[in-house]
Each structure stands twice: as C-alpha cells, then as structure tokens.
Amino acid sequence: MARRYDASTTTFSPEGRLHQVEYAIEAINNAGTCVGILAEDGIVMASEKRVTSGLLAPSKTSEKTYKLCDHAACTVAGLTADANILIDQARLRAGRYTYQYAEAIPVEQLVEHVCNYKQAYTQYGGLRPFGVAFLFAGYDPHHGFQLYQSDPSGNYSGWKATVIGANNQAGKSLLKTEYGAKPKTDDDDEEMKTDDDAEEEIRVPDVAEALRLAVKVLSKTMDGTVPSPEKMELFTMTLDESGKECIQRTLTVEESKKVVEEVEAETAAAGDA
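Everything numeric in this text was worked out from a predicted model, so none of it was measured.

Relative to the elements of secondary structure, lysine 64 occurs in the loop between strand E2 (42-48) and strand E3 (65-69). One buried charged residue, lysine 64, remains without a salt bridge, the closest side chain of opposite sign being glutamate 48 at 7.2 Å. Not counting residues up to four positions away in its chain, the partners in contact with lysine 64 are Gly32, Cys34, Ser47, Glu48, Cys74, Thr75, Val76, Ala77 and Glu233.

A word on the nonpolar core. Residues Val35, Ile37, Ile43 and Met237 are the most contacted members of the largest nonpolar core, which totals 43 residues. Per element, the largest residue contribution to this core is 8 residues, and it comes from helix H6 (residues 207-221). Contacts of valine 35, omitting those with residues within four sequence positions, involve Val44, Met45, Ala46, Leu135, Thr162, Val163, Ala214, Val217 and Leu218. Within the second largest apolar cluster, 23 residues are counted, among which are Cys69, Ala94, Tyr97 and Val107.

Let us look at the pairing of strand E9 (residues 232-239). Across the 8 residues of E9, 6 count as buried, placing the element largely inside the fold. Sheet topology note: the E2/E9 ladder contains 7 bridges and is antiparallel. From the neighbouring strand, isoleucine 43 faces E9, where its bridge partner is methionine 237. Note that E9 and strand E10 (residues 246-250) share 5 bridges and pair antiparallel. Following the sheet pairing, phenylalanine 235 is matched in E10 by threonine 250. Between the end of E9 and the start of E10, which pair antiparallel, lie 6 residues, with glycine 243 showing a positive phi angle near 80 degrees.

All right, on to the sheet that holds strand E4 (residues 72-78) then. Strand order in the open sheet formed by 5 strands is E3-E4-E5-E6-E7, with antiparallel pairing between adjacent strands. Strand pairing shows two members of the sheet lacking a second neighbour, E3 and strand E7 (156-158), which therefore form its edges. Along the sheet, successive strands turn relative to each other by an average axial angle of 25 degrees, direction set aside. Relative to E7, strand E6 (residues 144-150) runs antiparallel, the two being bridged by 3 bridges. Bridging from a neighbouring strand, glutamine 149 pairs with serine 157 of E7.

On to the environment of asparagine 155, then. Relative to the assigned elements, asparagine 155 resides in the loop between E6 and E7. Assessed through its relative accessible area of 52%, asparagine 155 is described here as exposed. Once the C-alpha coordinates of asparagine 155 and glutamate 112 are considered, the two residues, 43 residues apart in sequence, prove to be 8.8 Å apart. In contact with asparagine 155, other than residues within four places in its own chain, are Cys115, Gln149 and Ser150. Side chain to side chain, asparagine 155 and serine 153 meet in a polar contact 3.2 Å long.

In a regular helix each residue adds 1.5 Å, so 14 residues correspond to 20 Å; helix H3 (residues 107-120) covers 21 Å between its end C-alpha atoms and thus fits that length. Those residues of H3 not exposed but buried are Val107, Leu110, Val111, Val114, Cys115, Lys118 and Ala120.

Further remarks concern the sheet that holds strand E8 (residues 161-164). The strand order across the open sheet formed by 5 strands is E8-E1-E2-E9-E10, and the pairing between neighbours is antiparallel. Unpaired on one side and paired on the other, E8 and E10 mark the two borders of the sheet. Neighbour-to-neighbour, the strand axes of this sheet turn through a mean angle of 10 degrees, independent of strand direction. Where strand E1 (residues 34-39) meets E2, 6 bridges bridge the pair, whose relative direction is antiparallel. Within E2, the position partnered with valine 35 by the bridge is alanine 46. Sitting on the sheet, helix H4 (residues 168-178) touches E1 and E8, and the angle it makes with E8 is about 165 degrees.

Thresholds applied
Residues numbered from 1 in each chain as written. Predicted model: local features only at pLDDT ≥ 70, side-chain atom pairs only at ≥ 80, totals over all residues. Heavy atoms only, no water. Helix = DSSP H or I, 4+ residues; strand = E, 2+ residues; numbered from the N terminus. Buried < 20%, exposed > 50% of the residue type's maximum accessible area, 1.4 Å probe, protein only. Lys, Arg positive; Asp, Glu negative; His and termini not counted. Salt bridge = Lys/Arg side-chain N within 4 Å of Asp/Glu carboxyl O. Contact = heavy atoms within 4.5 Å. Core = buried A, V, L, I, M, F, W, Y, C linked by side-chain atoms within 4.5 Å. Pairing = 2+ DSSP bridges. Axes fitted to C-alpha atoms, helices over the stretch in contact; angles between N-to-C directions. Polar contact = N/O pair within 3.5 Å; in protein donor to acceptor, adjacent residues only side chain to side chain. Expected span 1.5 Å × (residues − 1).

Put into structure tokens, the structure is as follows:
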C-alpha cells in the first residue's frame, strides 16, 4: 500500500502520512550522532565524526558544526550537501535582519525561517525534502541561551538536552536519567521522594559538566566501545567576561582527550563503588 503513495511528497497516504518525509527522517537516523545540552552558563554540542577512509585528506573546517552568525551556530546530522543550502539561507537571513534593523536576529526567528524553507520542500511538486536535521544553539539578551531541534518536515522544538542521528533513542534515555541529576547522598536512601519533588530538584549543569555528559552520550551511541577524541567534535557557546558577546569555540583534540579521560575516570570510580 505504501508504494502507491511514496512517489510524491505532496500526496498523503490513507493513514495521513507523507512517506517521503518519513524516508528523509530515516536517512538522518543512520547519520552520525549529534548531542545538544543546555548548560547554566552556555551550550554544549557534541558530534560524531565518521571517517569513511584513511586515505581522505583531513578537513580544513568542521563538517558537523557551522557558525551562522555571532550569536548562533548549528550542528548537522544527515546529508551535508543538503545542509549547506539551508546554512546559506540562515546566514543570509541573519545578515539581512541585522542590516535592516541594526540588531541581531532573535534565535527562534532564525530557526523559524530555516524551517519554513524546509517545509516548502514537502508541499510543492517536483521537490524532495532536505535529508538533514539540525541542532541550533543561540543566545539573545531576552531569552538567554536556547537550544532547538528541527527535522525535514519543517517542525522545530526547544530542548534542554536532546540527541539526533544514529541511536538517538539510547542517547535520549541516558539524558533523561543523567541531565540535571543531583549527586547521590546517604540521605537519598532514607527518605522517599515524590515525582513532583524530583521535578523541582532538576539542576542545570555548567559547561564542564555538560561536556562530560555529552561525551557519555556519544560513548553510548557510537559503534566503538572505547570513546576516542579523534572521532568526536566538542563545541561550546559561552559569554565573554562582559556578558554581552558570544564566544563560539571548538575544542582541540588535546582538550577533547582531557574530557574523555575525566569521563573514563568517573565511570571507573562509579564501577568501583
């Protein structure tokens, strides 16, 4: 039955589904994993770097994380060629907004513009959906740091922490238990807590904690059992000392290795306990 309705993005199946959009989402679920975590003092995004051949020359720029403007960036899961078109659209929109209004574009407005462009490719004939999903990270003085996820359908949503790409369900399950969890104490065993109490006690991690959590998630979702700093890319967005300018930074291999070693030591200590 599905084969009768999957040739066009503009035709609904009797179940109300757009099969081409679902196929695009499936392509993303086979792509390298990307993790986004909202921290108290910034945003952390981590990406899996897949090396298809040892003969390939090292990339001069990141193929997973892209700067959109001074206060916004994104990570990509899916077809990089499709992502380049949408990244150009986002950069163009951000530049035009700044030129027109002499101020930085609000983060959600930038995300909405990209998603409207993606949605058009699911509604007009002769087009195919973009086979790419994004994690958008940004900052504005009104709403602070923000993290958004978008998919080929044009939908977007705000998150505290999320995962896209391969094995994303396993990553999200880990984030549900680890994000905002308080360190365990002896008192935890003595008294029972209700679900309402647990929700109130969610603690937003700082950037250093978020980096360690992102490495934990990538370790769980990546194929290899041992996490390797060469196979992951860690990105942070923070504010400078004045609290006005965004600092976007990709960690070096040595810095990533240090974070991986901290996670391994933490895991070993938990295993001994």
